[in-house]
Amino acid sequence: MSENNLLMGIDIGTTTSKGVIATPDGKIVASCGFEHDISRPAADMAEHDADKVWWGDFVRVCRNLLEISGVDPESISAVSCSTMYPTLVPVDTNGNALRQGILYGIDRRALTQIEKLKGILSDDYCLKVSGNGLSTQSIAPKIMWIKENEPEVFEKTYKFMNASGYITHKLTGEFIMDHGSASLGGVPYRLAENTWDTVTIKALGINSDQLPELVWADQIVGHVSAEAAAETHLSVNTLVAAGTGDHVTESLSQGYVRSGAASISYGTAMGTDVCTDRLLTVPGISSSLTCFKGLYTVGGGMLNGSSLTRWFRDNLSCFDEKMMAEEGFDPYAVLNEQARNIPAGCDGLLALPYFSGEKIPFFDMDAKGVLFGLTLRHTRVHIYRALMEGIAFGLRHIIECIQNAGFVVEEVISTGGGASGDVFTQIVSDVTGLKQQVLKASHGSPMGAAFLAGLASGVIKDRSEILNWNEVARYVTPDPSKKQLYDERYIVFRDLYANTKNLMKLL
């Protein structure tokens, strides 16, 4: 294919890597995706091999996109990546990872360091400075954990990088981190000033030059190097945009270019946010930057979403390896059709979705998953639907926090792989009372990354053009007949956590 000014966007997620080649007007030329695993060296740890998963999957997706599309690499004007975030990997002067990359809030190793930093900086200081209180989502405690537990790694560290910055370094040789990714990681980032916080840097015992240069996601960092071109099969003439976090690009793909836009992302970790031009720091919810200076996102994500339906698929479904390998077999389509026949409320079965602890809105990493109300009449399919309802109740909790902060949320734009099935999206609307516009393309994060590549390179002239990329597949409206039931179950959902959280700590 000889079309010019094509754009490539690649997303490296928690369990899946995806990519697209798109035209400047948002039409998909090619797409692909691959699953990968999380490394868990201990029960409280979650890691990725930076070379095998982050860079390895980036290379794999690049090559696959070029192969299946037949696109001339010279036709790719620019490329950008998005990744799960906040993440942390220490690198040496050559940009080589000194250990495996530490993942976001699902990694709980730094609980002791969180308490130490609260004693040094205070949680109020961190919230005021960064828009986020100290939690397992925060980057500073993880840096402190490396310092205290892996001193030999700490001593060799030239830069503390994140996943998207690591990939961008592999592509260009530059050491950078985008503002959006840095802001969600909390301190040592200063949200109002868009700089690193010297007070936190001093508390960590690091040098300011050990943190990467801060850039904006819609900024060009360089060209694909000759070495990277040989690995990815991209052209050395292809421009590289800074890249950012997956939730940032997912939100961008939903039209996050104006204040007041609201979204739900149906990903491995579910999230819901409102876009605003007001800088707010609100306890219980996250405030961070979008792709653009002066435009913020308020809300936050749960630590689980589609990860729970995948867990069910892998552990509780009846699908063996032979069935899963059959061409065209979609296990989720089968499960969704079965769940459609289970009544709302799952015949009295209720699930707490906190299988990895929870961040927004109560930051409790000792929280556990719970199946409450099991009887002999319940089936595996009841459990599957209860997990979806539990996730929806968690989203409702976050939405209430956003509304309490002064935002009106009545309708959201929804994207992500989990939004492709109508059963899950209907449950979310029925539980939250929100109308949803479900976008046609389920390529949210890589599409947002491709758009950023176009915007940074000048192929796309204005950020508002993303609205032309959006095509609504369907609208989902709440079923009023289910409101009373779900209102009552939501009260039980909230009480169930409140009444078991201390017991959870004992486990």
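None of the values given here were measured: they were computed from a predicted structure.

K.L.:
Sorry, what's going on with the pairing of strand β18 (residues 286–289) here?
P.N.:
Sheet faces and side chains relate simply in a regular strand, where the side chains alternate between the two faces. Side chains S286 and S288 project from β18 onto one buried face, and the interleaved S287 and L289 project onto a second face that is buried too. Where β18 meets strand β19 (residues 296–301), four bridges bridge the pair, whose relative direction is antiparallel. Pairing of S286 across the sheet is with G299, part of β19. The turn linking β18 back onto β19 is made up of six residues, and G294 within it adopts a positive phi angle of 85 degrees.

K.L.:
Explain the nonpolar core here, please?
P.N.:
Considering soluble globular proteins, one finds that nonpolar side chains tend to be buried as a cluster. Among the nonpolar cores identified, the biggest contains 58 residues, and M270 and L352 are the most heavily contacted of them. Elements supplying a minimum of two residues to this core: β16 (262–265), α11 (306–315), α13 (331–340), β20 (350–353), α14 (380–404), α15 (422–432) and α18 (483–505). The element contributing the most residues to this core is α14, with 14 residues. Core analysis: the second largest hydrophobic core is formed by 42 residues, M8, W55, L171 and L303 among them.

K.L.:
What's the story with the state of the cysteines in this structure? I'm lost.
P.N.:
In a disulfide, the sulfur atoms of two cysteines are held together by a covalent bond. Evaluated as defined, the whole model comprises zero disulfides. Residue C401 stays outside any disulfide, its sulfur separated by 19 Å from that of C275, the closest cysteine.

K.L.:
Even after reading the chapter, I still don't get the sheet that holds strand β22 (residues 411–415), so can you show me in this structure?
P.N.:
As a general point, the strands of a sheet are linked pairwise by backbone hydrogen bonds and lie either parallel or antiparallel. With respect to topology, seven strands assemble into an open sheet ordered β18-β19-β17-β16-β22-β23-β24, the strand pairing being mixed. Of all strands in the sheet, those bounded by a partner on one side alone are β18 and β24 (472–476). Taken pair by pair, the neighbouring strands of this sheet meet at an average axis angle of 30 degrees, ignoring direction. Both strand β17 (residues 271–276) and β19 contribute to a ladder of six bridges, which runs antiparallel. Bridge pairing in β19 links T276 to Y296. Along the sheet, α14 makes contact with β16, β17 and β19, crossing β17 at roughly 20 degrees.

Analysis parameters
Residues numbered from 1 in each chain as written. Predicted model: local features only at pLDDT ≥ 70, side-chain atom pairs only at ≥ 80, totals over all residues. Heavy atoms only, no water. Buried < 20%, exposed > 50% of the residue type's maximum accessible area, 1.4 Å probe, protein only. Helix = DSSP H or I, 4+ residues; strand = E, 2+ residues; numbered from the N terminus. Pairing = 2+ DSSP bridges. Core = buried A, V, L, I, M, F, W, Y, C linked by side-chain atoms within 4.5 Å. Disulfide = S-S within 2.5 Å. Axes fitted to C-alpha atoms, helices over the stretch in contact; angles between N-to-C directions. Contact = heavy atoms within 4.5 Å.

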